[in-house]
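What follows is each chain in one-letter form.
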Amino acid sequence: MKIANQKVTAERLVRDALEKAKHFADYNIFTFLNEEAALKKAREIDSRIKKGEKVGRLAGVPYALKDNFLSPEGETTASAHILGGFNSPITATAVAKLEAEDAIMIGRTNLDAFAHGSSTENSYYGPTLNAHDKKRVAGGSSGGSAVAVALDIVEFATGTDTGGSIRQPASFNGVYGLKPTYGCISRYGVVAMASSTDCIGFFAKTPEDMDLLMSITSGQDTKDMTTLPDYYNNDSGEPTNPSKRHSRIGIIKDFDNDSVAPEIREALKSKIELLKSKGHEIVELEMPALKYALAAYYIIVPAEVASNLSRYDGVRYGFRSEISSHLDELYDHTRSEGFMPENKRRIMIGNFVLSSGFYDAYFLKAAKARTLIIQEYEKAFSKCDFLLTPVSPSPAFKLGEKVNDPVAMYLEDVMSVSLNLAGVPGLAIPAGETKSGLPIGLQLVGPRRSDKTLIEFSRELI
Amino acid sequence: MEIKREDILHLAELSNFSLTDEEVDKLGDDLDGIIKYISQLNQLDTDNIEPTYQVFEMENVWRDDEILPQDADREMLLNLTKEEREHQIKVPKVL
């Protein structure tokens, strides 16, 4: 990526990024542009470079922040009306680590409100348009971040992935998108969706950039008790040199059927041939429990969503409804006016699967299905090093095509959610395009804590 | 199962939503479709399988019992609310 140095100033990099952001305004990528503060920081970095002082590994690199990461610059709204006017006094750990390396946030990006969605159409601020076809969706929920990288406005962008929210928009726009192992990067200061599956990750243009971002942001954080000790930078392990070492790549037979677009199946086949030609072994696997991953996901995640989103009541921060003569009315009206329809659906489904009489049939059943899914991944990784699968059943779909049919929208996530339930990492990689010019993405999946080798191995697919 | 209007109203109450009639109808249809979809889990045999609620590999993360510096103080937090009086958050009547 372009980093500021004696030849290229941080101010130049930031000005270029801001200009591009404005040039592509009609894509509705940003909910906030951090113009003044970004330029100020750029000039500070330039003056340090000029004096020969030490600067960070991301000196002057312009990046975009998904609008569910808390930081004092601009309002953090998660693209939801109910968080309108919320100026965070705290900074997310991941943001603090990027800033400490002198990266410069140039703007906050659009998402499906509270990251509920697979198209960025559920945003209070309207949909983000696909980088390759303005009539199509950006994917979601991290649609703004994916398009900001795909249109080359920024060098990288942050995302969150609860069920595919990084990998699917990455594949819809032709960039790399990583969902790391659960617990790899601190979730402190990121708007919670489903605490047992939420992951922080990135959109980037190359595996090398992704590796750098991971080495900067991974590690334990006392502010997030579910963070793992920094294995990313410390696992000595055996040095993996993919060109010398032959890997076993698993292909899931259950995913090779008519529900997947022919051009995506062809892209997968051509990558399989590429891997074979490089001496890697292809292993065909059956993973029948994955068929139930989406149903389990749309029980577990709404249950956690209903709990996590109960905090938004209009009392302490964000939007507060005017129609309220009584405290109960204030809660009801604030939540009714402040949430998007998809937020309401998920909260109500969550309360349904958790309510007495249905808990055993739905929530407990899904928690048991989750165990089976985890076991299936463990079994798969005893037979192969990585899995290679499609990210989603089709390339980017048209705006409005699925937004009124929640089940059709949920089916977008059918190949991505099982990773989140199992806590394993997945990297969406660009894998060509359709005849009509839409990007195709594939995902490389590895066992827990294999993030670094996963990124390294992805070079074999270029 | 078929979801009824009274079920939607009950779930809305649990969720602290006051819904319009139109929303009740639409959510009824939507939730019906979603519940039908997630009910396919019934076909999966989960006998003798333990549930999983989290995938974090560690348990009981300990630290010393001391107050650490906080990122936000009382003043900053009170600034976020719509109405404040005498260092308290003001809300409409409760009773």
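For the structure itself, look to the data block above.
Residues numbered from 1 in each chain as written. Chains lettered and ligands numbered in written order. Predicted model: local features only at pLDDT ≥ 70, side-chain atom pairs only at ≥ 80, totals over all residues. Heavy atoms only, no water.

With respect to the overall build of chain B
The following threshold applies: Numbering of helices and strands starts at the N terminus; helices are DSSP runs of H or I of at least 4 residues and strands are runs of E of at least 2. Note that the radius of gyration is over C-alpha atoms, with the globule rule given as 2.2 Å times the number of residues to the power 0.38.
From N to C terminus, chain B includes 3 helices and 2 strands. Secondary structure of chain B in N-to-C order comes out as α-α-α-β-β. Computed over the C-alpha atoms, the radius of gyration of chain B is 23 Å, more than 25% above the 12 Å expected from 2.2 N^0.38 for a compact globule of 95 residues. Oriented by its inertia axes, the alpha-carbon framework of chain B measures out at about 55 × 45 × 20 Å.

Some remarks on the packing of aromatic side chains
Our working definition: Pairing of aromatic side chains here covers Phe, Tyr and the six-membered ring of Trp, requires ring centres within 6.5 Å, and sorts the geometry by plane angle: under 30 degrees stacked, over 60 edge-to-face, intermediate tilted. We count a charge as sitting over a ring when the NZ of a lysine or the CZ of an arginine lies within 6 Å of the ring centre and within 35 degrees of the ring normal.
In this structure the tally under the stated criterion is 20 aromatic pairs over all chains. By way of ring pairs, the aromatic residues F86(A), F114(A), Y312(A), Y317(A), F339(A) and F17(B) are connected into one cluster. The positively charged end of K402(A) is found above the aromatic ring belonging to F397(A), 4.6 Å away from the centroid.

Quick look at the pairing of strand β4 (residues 156-161) of chain A
Residue and element names in this part refer to chain A. Our working definition: Relative accessibility decides the category of a residue: with a 1.4 Å probe and only protein chains considered, values under 20% of the type maximum give buried, values over 50% give exposed, and everything between is partly exposed. Note on pairing: two strands pair once DSSP finds at least 2 bridges between them.
When you tally the buried positions in β4, you get 6 out of 6 residues, the bulk of the element. Going residue by residue along β4, you find F156, T158 and T160 tucked away on one face and A157, G159 and D161 tucked away on the opposite face as well. Two strands pair when backbone bridges link them, and strand β2 (residues 62-66) and β4 are joined in this way by 2 bridges, in the parallel orientation. Looking across to β4, one finds that A64 is bridged to A157.

Regarding the sheet that holds β2(A)
All names here are of chain A. Defined as follows: Fitted lines through C-alpha atoms give the axes, limited to the stretch in contact for helices. The angle between two N-to-C directions lies from 0 to 180 degrees. Contact definition: two residues touch when any of their heavy atoms are within 4.5 Å.
With mixed pairing, the 11 strands of this open sheet are ordered in space as β1-β3-β2-β4-β6-β5-β10-β11-β9-β7-β8. Each having just a single partner strand, β1 (30-33) and β8 (281-285) make up the two edges of the open sheet. Strand-to-strand twist of the sheet, defined as the mean angle between neighbouring strand axes without regard to direction, takes the value 30 degrees. Here 6 bridges tie strand β10 (residues 426-433) to strand β11 (residues 439-445), and the two strands are oriented antiparallel to one another. Bridging from a neighbouring strand, A428 pairs with Q443 of β11. Helix α6 (residues 207-217) rests against β4, β5 (176-179), β6 (199-204) and β10 of the sheet, and its axis sits at about 145 degrees to β6.

Looking at the packing of helix α11 (residues 341-354) of chain A against helix α1 (residues 5-14) of chain B
The relative placement of two packed helices is expressed as an angle between their axes plus a distance between the axes. Counted only if it meets this: Put simply, angles under 35 degrees are roughly parallel, angles over 145 are roughly antiparallel, angles from 65 to 115 are roughly perpendicular, and the rest are oblique. Residues are grouped as follows: nonpolar covers Ala, Val, Leu, Ile, Met, Phe, Trp, Tyr, Cys and Pro; charged covers Asp, Glu, Lys and Arg; every other residue, Gly included, is treated as polar.
It is at 9 Å that the axes of α11(A) and α1(B) come closest, and there the two elements cross at 100 degrees. As the angle between them shows, α11(A) and α1(B) are arranged roughly perpendicular. Note on element contacts: α1(B) touches α11(A) through I8(B), L11(B), A12(B) and L14(B), opposite M348(A), N351(A) and F352(A). Its residues assigned to classes, the contact of α11(A) with α1(B) comprises 6 nonpolar, 1 polar and no charged.

Quick notes on the packing of helix α9 (residues 293-308) of chain A against α11(A)
Residue and element names in this part refer to chain A. α11 packs onto α9 with a crossing angle of 105 degrees between their chain directions and a minimal axis gap of 7 Å. Comparing their axes, α11 and α9 come out roughly perpendicular. Between α9 and α11, the contacting residues are Y298, I299, P302, A303, V305, A306 and S307 on the first element and R346, I347, I349, G350, N351, V353 and L354 on the second. Here the contact of α9 with α11 is composed, by residue class, of 10 nonpolar, 3 polar and 1 charged.

Regarding the interface of chain B and chain A
The cut-off we apply is this: Two parts lose some accessible area (1.4 Å probe) when they are put together, and adding that loss for both gives the buried area. Whenever a carboxyl oxygen of Asp or Glu lies within 4 Å of a side-chain nitrogen of Lys or Arg, that contact is scored as a salt bridge. Polar contact is the term for a pair of N or O atoms within 3.5 Å; when the atoms are in protein, one must be able to donate a hydrogen and the other to accept it, and sequence-neighboring residues count only if both atoms are side-chain atoms.
With 54 residues of chain B at the interface, the matching set in chain A holds 70 residues. Here chain B meets chain A over a buried area of about 5600 Å², counting both sides, of which 68% is carbon and sulfur. Area buried by chain B at its contact with chain A is led by F17(B), L41(B) and V55(B), which between them contribute 12% of it. Where chain B touches chain A, the interface holds 3 salt bridges. The shortest N-O distance in the salt bridge between K344(A) and E23(B) comes to 2.6 Å. Taken together, the connections running from chain B to chain A amount to 21 residue pairs in polar contact (both at pLDDT 80 or more). For the side of chain B that touches chain A, the elements supplying multiple residues, two or more each, are α1, α2 (21-38) and α3 (74-78) of chain B. The element that contributes the greatest number of residues to the side of chain B that touches chain A is α2(B), accounting for 10 residues.

Looking at the nonpolar core
Residues and elements named next belong to chain A. The cut-off we apply is this: Put simply, buried Ala, Val, Leu, Ile, Met, Phe, Trp, Tyr and Cys residues joined by side-chain atoms within 4.5 Å make one nonpolar core.
Ranked by internal contacts, the top residues of the largest apolar core, which has 135 residues, are F114 and Y377. When residues in this core are grouped by element, the largest group, 12 residues, is from α9. Once residues lying within four places of it in the same chain are set aside, the contact partners of F114 are A78, A80, I82, L83, V191, M193, L309, Y312, F339 and N343. Core analysis: the next-biggest nonpolar cluster, separate from the first, contains 37 residues, A4, A10, I106 and A138 among them.

Focus: helix α10 (residues 327-338) of chain A
Residue and element names in this part refer to chain A. Rules: Expected span of a helix, by definition, is 1.5 Å for each gap between consecutive residues, and there is one gap fewer than residues.
The terminal C-alpha atoms of α10 lie 16 Å apart, and with 12 residues this matches the ideal 16 Å at 1.5 Å per residue to within 8%. Of the residues making up α10, those classed as buried are L327, L330, T334, R335, S336 and G338. Here the buried face of α10 lies against α11.

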